[in-house]
Amino acid sequence: MNINNAYNEWSTTYDSDRNLTRDLDQVVTTESLANRRYNTILEVGCGTGKNTLLLTRLGERVCALDLSVGMLEQARRKTRSERLVLAVADLTKPWPCKTESVDLIVCNLVLEHVRDLSLIFSEAQRTLVAGGQFFISELHPYRQYQGTKANFQRGPETIEIPAFVHHLSDFTKGAKESGFSVHSFREWWHEADQNKPPRLVSFMFEKAGLTK
Ligand SMILES: C[S@@+](CC[C@H](N)C(=O)[O-])C[C@H]1O[C@@H](n2cnc3c(N)ncnc32)[C@H](O)[C@@H]1O
């Protein structure tokens, strides 16, 4: 099943399914970003808008992109803000965003579906203003090594969505090659994860600021 069809099908139950990874990611995003304020935020792979609500409180303007029309429809229902634009876009193609127009890019639980991270980092670098930030929260590679992938239930059947393993060094190397520095790196466990490897990893990457 291709990624777009999978998320269109999952979209109606994505928010209500039992999903500890989704729930932890919301905690991670809130803990990492809630005290910050931005002019313009770009959310890539916004899904049903789980984190978009928070972002509309942090930014003067928010643009949220996703491949799946079904997921975007759910996001549209829950986030009616004049400051928010939702649009269809495939992140593996050049992004429909102006160069140096965004202060913060947010990307949660998306990159396991993207084979090659180089375009993601180069488009993030192009789109951000000098000193802009790129926040990523993803399934930890330790979980990927154990075979975990995004999945949903179709009746009794578990449908796994195509996923690609990304090592921690894929993130840091990809970011560095596009000119980012690492501002922070954290590993996260759900309270149900005792004695297990971390469930999520988050990074805050920074684009170089203006030199005086
Ligand atoms: C697990 S959901 C995460 C959604 C949301 N960020 C969250 O944290 O709840 C993954 C999302 O990535 C989107 N996605 C996957 N590949 C994509 C691509 N190439 N371009 C844009 N969105 C993509 C899917 O449609 C889906 O909405």
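Residues numbered from 1 in each chain as written. Predicted model: local features only at pLDDT ≥ 70, side-chain atom pairs only at ≥ 80, totals over all residues. Heavy atoms only, no water.

**Student:** Tell me about the sheet that holds strand 3 (residues 84-88), and please be specific about residues and values.
**Tutor:** Across the sheet, which stays open at both edges, the 7 strands sit in the order 3-2-1-4-5-9-8 with mixed pairing between neighbours. Every other strand in the sheet has two partners, leaving strand 3 and strand 8 (180-188) as the edge strands with one partner each. Put simply, the sheet's adjacent strands are angled 15 degrees from each other on average, direction ignored. Strand direction decides the pairing type here: strand 2 (residues 59-66) and strand 3, joined by 5 bridges, are parallel. Looking at strand 3, one finds that leucine 65 is bridged to alanine 87. (Pairing = 2+ DSSP bridges. Helix = DSSP H or I, 4+ residues; strand = E, 2+ residues; numbered from the N terminus. Axes fitted to C-alpha atoms, helices over the stretch in contact; angles between N-to-C directions.)

**Student:** Hey, could you go over the site of the ligand for me, with residue numbers and the actual values?
**Tutor:** What surrounds the ligand is a group of 21 residues, the closest being Tyr14, Gly45, Lys50, Asp66 and Asn108. Here lysine 50 contributes a side-chain N or O atom positioned 2.7 Å from an oxygen atom of the ligand. In the complex, 98% of the free accessible area of the ligand, which totals 590 Å², lies under the protein chains. (Near = heavy atom within 4 Å. Polar contact = N/O pair within 3.5 Å; in protein donor to acceptor, adjacent residues only side chain to side chain. Areas by Shrake-Rupley, 256 points an atom, 1.4 Å probe, with all protein chains shown as cover.)

**Student:** Can you break down the side chain of threonine 48 residue by residue, with the values?
**Tutor:** The topology assignment puts threonine 48 in the loop between strand 1 (38-44) and helix 3 (52-58). In this structure threonine 48 touches Ser11, Tyr14, Asp15, Met71, Gln74, Ala75 and Lys78, once residues within four positions along its chain are discounted. (Contact = heavy atoms within 4.5 Å.)

**Student:** Talk me through the pattern of salt bridges; I want residue IDs and the actual numbers.
**Tutor:** For the structure shown, the criterion picks out 13 salt bridges. The shortest N-O distance in the salt bridge between arginine 186 and glutamate 31 comes to 3.5 Å. One end of the pair, arginine 186, is in strand 8; the other, glutamate 31, is in helix 2 (residues 20-33), with 155 residues separating them in the sequence. Between aspartate 193 and arginine 143 there is a salt bridge, and its shortest N-O distance comes to 3.4 Å. Separated by 50 residues along the polypeptide, aspartate 193 in the loop between strand 8 and strand 9 (200-207) and arginine 143 in helix 6 (residues 141-145) bring together distant segments of the chain. Residue aspartate 193 shares its accessibility class with arginine 143, and that shared class is buried. (Salt bridge = Lys/Arg side-chain N within 4 Å of Asp/Glu carboxyl O. Buried < 20%, exposed > 50% of the residue type's maximum accessible area, 1.4 Å probe, protein only.)

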